[in-house]
Amino acid sequence: MKTATATIALSALQHNLQRVKQLAPNSKILVIVKANAYGHGMERVAEAVQPQADGYGVARLAEALVLRAQGIEKPILLLEGFFSADDLPHLAQQNIETVIHSEYQLQALESAVLDRKIKVWLKIDSGMHRLGVELPQVAEFYRRLQACVNVQPQINFVSHFSRAEELACGYSEKQLHNFNQAVGNKSAERSLAASNGILFWPESHFDWVRPGIIFYGISPTNEHLATEYGLQPAMTLSSSLIAVRELVRGEPVGYGGAWVSQQATKIGVIALGYGDGYPRDVPSGTPVLINGQRVPIVGKVSMDMITVDLGADSTAQVGDEVIFWGEDPQGNALPIEEVARHVGVISYELVTKITPRVIMEYR
Ligand SMILES: *Cc1c(COP(=O)(O)O)cnc(C)c1O
């Protein structure tokens with residue numbers, strides 16, 4: 001019997017990059033594969049889209065080194081830059097590009113002794129106030145980077161939206177304006193748009209777009225489904241029923257007796273739990289898909305198991321497949337956005353929490 005399994009449709013990933021290309025036809029694509037490709041398996045994902053990717057974005061040097069070790073030759077960018085001066089020789093040797101957002105990084109670059117120059121993307125704080133150089137300091141950072149012997153002459157500019165899914169709040173216009181101010185008339189490649197920017201802000205596409213969540217076929221917000229944007233969900237998370245129990249009315253189920261049957265019913269037990277990365281804090285009623293039907297989770301999620309209320313008349317049997325999100329072989333879908341809405345999280349969190357115990361299958 002199959003236990004917790006994430007099935008990844010590589011063709012969906014390829015389709016989603018085509019869709020990004022359609023939305024941003026004049027931009028190069030920096031495919032974001034940090035956090036194990038949002039739980040989809042970084043190495044397999046990176047390899048599958050190598051012909052379409054113009055580069056890859058990661059959050060840690062270790063991730064970049066894995067990609068290089070597997071033979072990826074496209075540009076790789078550290079989205080938050082390097083964290084320690086000791087990282088710089090690796091960047092130089094492995095041709096890994098870096099964001100620069102702070103003085104300590106600039107100083108490390110200025111005092112390093114390296115065999116090769118490093119490609120730098122200057123991070124601008126256009127309004128998110130998380131990482132980035134503030135507008136009044138941009139000219140000085142740029143000047144010092146240009147003067148630095150360890151830095152390749154062509155410096156890119158990058159920034160990040162904080163409210164790009166809010167189409168009418170006016171803040172993205174402000175960030176766009178600040179970013180354009182910062183770049184001025186410098187001959188530099190620019191990158192501002194992540195998923196929301198790609199979908200909603202064509203004027204932010206510039207030279208490079210940085211698709212993360214939409215690349216995986218997931219909507220950036222729970223209000224819309226990825227399929228509404230012409231995207232194909234890549235991941236299906238599934239497992240099997242390992243027990244079907246008949247209960248009379250008034251029986252508590254699971255730890256703490258948190259849920260009590262209101263009538264005679266059948267309870268299904270599924271081999272998947274928070275040890276696989278499914279959230280423990282899901283409200284009763286969160287759906288799973290069994291034989292094409294939505295069935296509610298009841299009681300507390302355990303480490304290795306989840307209980308569902310199959311209903312008294314259910315014909316579900318031990319061994320039947322259970323879909324937590326994605327699609328069953330007959331094409332019945334349970335969108336991850338619907339699950340995220342029930343759980344009260346964003347889908348990003350659901351996929352990145354998948355643990356190494358989950359079997360990864362690619363097709
Ligand atoms: C994670 C990340 C992205 C991708 O964001 P999505 O919303 O998943 O598209 C893009 N740019 C930066 C700097 C990031 O950290």
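Residues numbered from 1 in each chain as written. Predicted model: local features only at pLDDT ≥ 70, side-chain atom pairs only at ≥ 80, totals over all residues. Heavy atoms only, no water.

Q: An account of the overall build of the protein chain is needed here, citing residue identities and associated values.
A: Within the protein chain one finds eleven helices and 19 strands. Excluding contacts between residues fewer than 6 apart, the proportion of contacts in the protein chain whose partners are at least 24 apart in sequence is 64%. The protein chain carries 31 positive and 38 negative side-chain charges, and their two centres are separated by 3 Å. (Helix = DSSP H or I, 4+ residues; strand = E, 2+ residues; numbered from the N terminus. Contact = heavy atoms within 4.5 Å. Lys, Arg positive; Asp, Glu negative; His and termini not counted. Charge placed at Lys NZ, Arg CZ, Asp CG, Glu CD.)

Q: Any chance you could break down the side chain of aspartate 309 for me, citing the residues and the numbers?
A: Following the sequence through the fold, aspartate 309 ends up in strand S16 (residues 306–309). One buried charge, aspartate 309, has no salt-bridge partner; the nearest side chain with opposite charge is lysine 266, at 10 Å. Of the polar contacts made by the side chain of aspartate 309, one reaches the side chain of threonine 265; its length is 2.5 Å. With near-sequence residues (within four places) excluded, aspartate 309 lies in contact with Trp259, Thr265, Lys266, Ile267, Val295, Pro296 and Val298. (Buried < 20%, exposed > 50% of the residue type's maximum accessible area, 1.4 Å probe, protein only. Salt bridge = Lys/Arg side-chain N within 4 Å of Asp/Glu carboxyl O. Polar contact = N/O pair within 3.5 Å; in protein donor to acceptor, adjacent residues only side chain to side chain.)

Q: Explain the domain arrangement of the protein chain to me, using residue names and the numbers behind them.
A: Here the protein chain is partitioned into domain 1 (10–218) and domain 2 (235–334). Each of domain 1 and domain 2 has a C-alpha centre, and the two are 41 Å apart. (Domains from an automatic or database assignment.)

Q: Break down the environment of threonine 227 for me, citing the residues and quoting the values.
A: Looking at where threonine 227 falls in the secondary structure, it is placed in the loop between strand S9 (208–209) and strand S10 (235–247). A C-alpha to C-alpha distance of 40 Å links threonine 227 and arginine 249, two positions 22 residues apart in sequence.

Q: Lay out helix H4 (residues 61–69) with the relevant residues and their values.
A: Taken together, the buried positions of H4 are Leu61, Glu63, Ala64, Leu67 and Arg68. The arc that holds every buried residue of H4, seen down its axis, measures 160 degrees, which confines them to one face. Those residues of H4 that are exposed and angled more than 90 degrees off the buried face are Ala62 and Ala69. Among the structural elements, helix H2 (34–38), helix H3 (42–48), strand S3 (55–58), strand S4 (76–78) and helix H5 (88–94) are those in contact with the buried residues of H4. Immediately beyond the C-terminal end of H4, within one or two residues, lies glycine 71, with a positive phi of roughly 100 degrees. (Arc of directions from axis to C-beta.)

Q: Run through unusual backbone geometry, naming residues and quoting values.
A: Positive phi outside glycine occurs at asparagine 95, with the angle close to 55 degrees. With respect to the secondary-structure elements, asparagine 95 resides in the loop between H5 and strand S5 (97–100). Take asparagine 95: its relative accessible area is 39%, and that puts it in the partly exposed class.

Q: Go over a nonpolar patch on the surface, please, and point to the residues and values.
A: Taken together, the side chains of Met1, Ile242, Met305 and Val318 make up a nonpolar region of the molecular surface, amounting to roughly 380 Å² of accessible area. Summarising the element assignment, methionine 305 is placed in the loop between strand S15 (293–296) and S16. Look at methionine 305 and you get partly exposed, because its relative accessible area is 36%. (Patch = residues over 30% accessible without salt bridge, like charges linked within 9 Å, V, L, I, M, F, W, Y side chains within 5 Å. Areas by Shrake-Rupley, 256 points an atom, 1.4 Å probe, with all protein chains shown as cover.)

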